[in-house]
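Working through the structure, step by step
Residue strings, one per chain:
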Number of protein chains: 2
Amino acid sequence: MTDKGSAPVARTLLQQCLQARLQVKPADDVTEAQFVQIDRGTLIYICFFKGATDDILPKMVSTLLNLRLSESDSGKMVSVLELPGSLLIVPQATLGGKCKGRAMQYHNNISKEDGLRLYGSFVALCEKELTAAASAGGGAQVAVKHGTYGNRQVLKLDTNGPYTHLMEF
Amino acid sequence: MTDKGSAPVARTLLQQCLQARLQVKPADDVTEAQFVQIDRGTLIYICFFKGATDDILPKMVSTLLNLRLSESDSGKMVSVLELPGSLLIVPQATLGGKCKGRAMQYHNNISKEDGLRLYGSFVALCEKELTAAASAGGGAQVAVKHGTYGNRQVLKLDTNGPYTHLMEF
């Protein structure tokens, strides 16, 4: 979490899943909608605020992937890398909302261009970490899947308890 | 949201759903697991912190149910009362976690007894508001469903975009 007094530059939300499916391309006249899917693992919803830079990403990824938030078969809490589980990363600009009256405003959210770039780097770093951990662990069948930045995130989620956690950086 | 400088006494997370199902009683030797389910509406995950009292509940319920977070059929953003949609309220103590090293700690969460009481009152207030709005709106088929405080929240969620929002009080 951020130090007291300094405004966060990123807000993430973590949920544990048995299976999760996310639309990455809506249907059109010619083709059906396309989806990505993971089985057991962690959903990471992510929103960047103004002031976020690449410097924050290694610490974010290291923290999120090593926190003991996942329940192993024996009931012990382990990290998603240790489980080992997959990741579904969902860009979620709404997480940056503040209410004004009855409406939500997103004035503190990062620009679309910077957000897209940071999101891409975040996903790439997660892929690198998960792949390294899976190789070290004997090549477990885990994957990093992710939504398309800026799209509507049509999501289907099945959990044995989402154990929702908020982490700001 | 809370005023600057004052620590929040409750953290809520809102997600929009097409359908959501929550286990309210696990299976045992004699009976099958029991579930509650809503169709279109809003999930409210809720966690109370130390210092939370009943005084905060009317404002919380009024804010959460009147925020324009739901997409109507015409694409206009309306409140869950206006939609009209159902509510699924999920007690989620993990939302109060802070990381220390690789583990999460929940030292700021309210006691189980006080949390259970506030949760019950929160659910009752939501039921009252939703029922009143539904009657005024011609008796729409909406409902308030909720999880059992302290249980594992086995959840299945289907969305057209969760539009995840964080609200603290």
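Okay, so let's go over this structure. As the structure is a prediction and not an experimental result, all values here were calculated from the model. (Residues numbered from 1 in each chain as written. Chains lettered and ligands numbered in written order. Predicted model: local features only at pLDDT ≥ 70, side-chain atom pairs only at ≥ 80, totals over all residues. Heavy atoms only, no water.)

**Here we look at the pairing of strand β2 (residues 19-25) of chain A**
All names here are of chain A. Bridge analysis of β2 against strand β11 (residues 155-158) gives 4 bridges, and the strand direction is antiparallel. Considered in β11, the bridge of Leu-22 is made with Leu-155. Examined bridge by bridge, β2 and strand β3 (residues 34-38) share 5 bridges and lie antiparallel to one another. If you follow Ala-20 over to β3, its bridge partner there is Ile-38. (Pairing = 2+ DSSP bridges. Helix = DSSP H or I, 4+ residues; strand = E, 2+ residues; numbered from the N terminus.)

**Notes on the side chain of Ser86(A)**
Note that Ser86(A) resides in strand β7 (residues 86-91). From its side chain, Ser86(A) meets the backbone nitrogen of Ala143(A) in a polar contact 3.0 Å long. (Polar contact = N/O pair within 3.5 Å; in protein donor to acceptor, adjacent residues only side chain to side chain.)

**A few points about the side chain of Ser79(B)**
Its place among the elements puts Ser79(B) in the loop between β6 (77-78) and β7 (86-91). Residue classification places Ser79(B) among the buried residues on the basis of a relative accessible area of 1%. Not counting chain neighbours up to four residues away, the residues in contact with Ser79(B) comprise Arg102(A), Leu65(B), Asn66(B), Leu67(B), Arg68(B) and Ser70(B). (Buried < 20%, exposed > 50% of the residue type's maximum accessible area, 1.4 Å probe, protein only. Contact = heavy atoms within 4.5 Å.)

**A short note on the environment of Leu87(A)**
Residues and elements named next belong to chain A. With respect to the helices and strands, Leu-87 occurs in strand β7. Placed 11 residues apart in sequence, Leu-87 and Lys-76 show a C-alpha to C-alpha distance of 19 Å. Excluding residues that lie within four positions of it along the chain, Leu-87 makes contacts with Ile-38, Thr-42, Ile-44, Leu-65, Val-80, Cys-126, Leu-130, Ala-143, Val-144 and Lys-145.

**Side note on helix α1 (residues 57-66) of chain B**
Among the residues of α1(B), those classed as buried are Leu57(B), Met60(B), Val61(B), Thr63(B), Leu64(B) and Leu65(B). For α1(B), the elements touching its buried residues are β1 (10-17), β4 (41-48), β7, α2 (112-136) and β12 (165-168) of chain B.

**Description of the sheet that holds β2(A)**
What the 6 strands build is an open sheet, ordered β3(A)-β2(A)-β11(A)-β11(B)-β2(B)-β3(B); its pairing is antiparallel. With one partner strand each, in any of the chains shown, β3 of chain A together with β3 (34-38) of chain B form the two edges of the open sheet. On average, each strand axis in the sheet is inclined to that of its neighbour by 15°, with strand direction left out of account. (Axes fitted to C-alpha atoms, helices over the stretch in contact; angles between N-to-C directions.)

**Quick word on the sheet that holds β1(B)**
Residue and element names in this part refer to chain B. A sheet is described by the order of its strands in space; here 5 strands give the open sequence β10-β7-β4-β1-β12, paired in mixed fashion. Two strands bound the open sheet, and with one partner strand each, they are β10 (144-146) and β12. Ignoring which end each strand starts from, the neighbouring axes of this sheet average 20° apart. The sheet contacts of α1 involve β1, β4, β7 and β12, and relative to β4 the element is tilted by about 150°. Strands in contact with α2 are β4, β7 and β10; relative to β7, the strand with the most contacts, it is inclined by about 175°.

**Points about the relation of the copies chain A and chain B**
Rotating chain A by 180° and moving it 0.0 Å along the rotation axis overlays it on chain B with an RMSD of 0.0 Å. The superposition of one copy onto the other is thereby described by a two-fold rotation axis. In terms of proximity to the rotation axis, the leading residue of chain A is Leu157(A), whose C-alpha is 2.5 Å off the axis. In this assembly the copies share their binding face: 100% of the residues contributing to the interface of chain A also contribute to that of chain B. (Least-squares fit on C-alpha atoms with pLDDT ≥ 70 in both.)

So, to be careful, I would describe these as geometric facts and stop short of saying anything about function.
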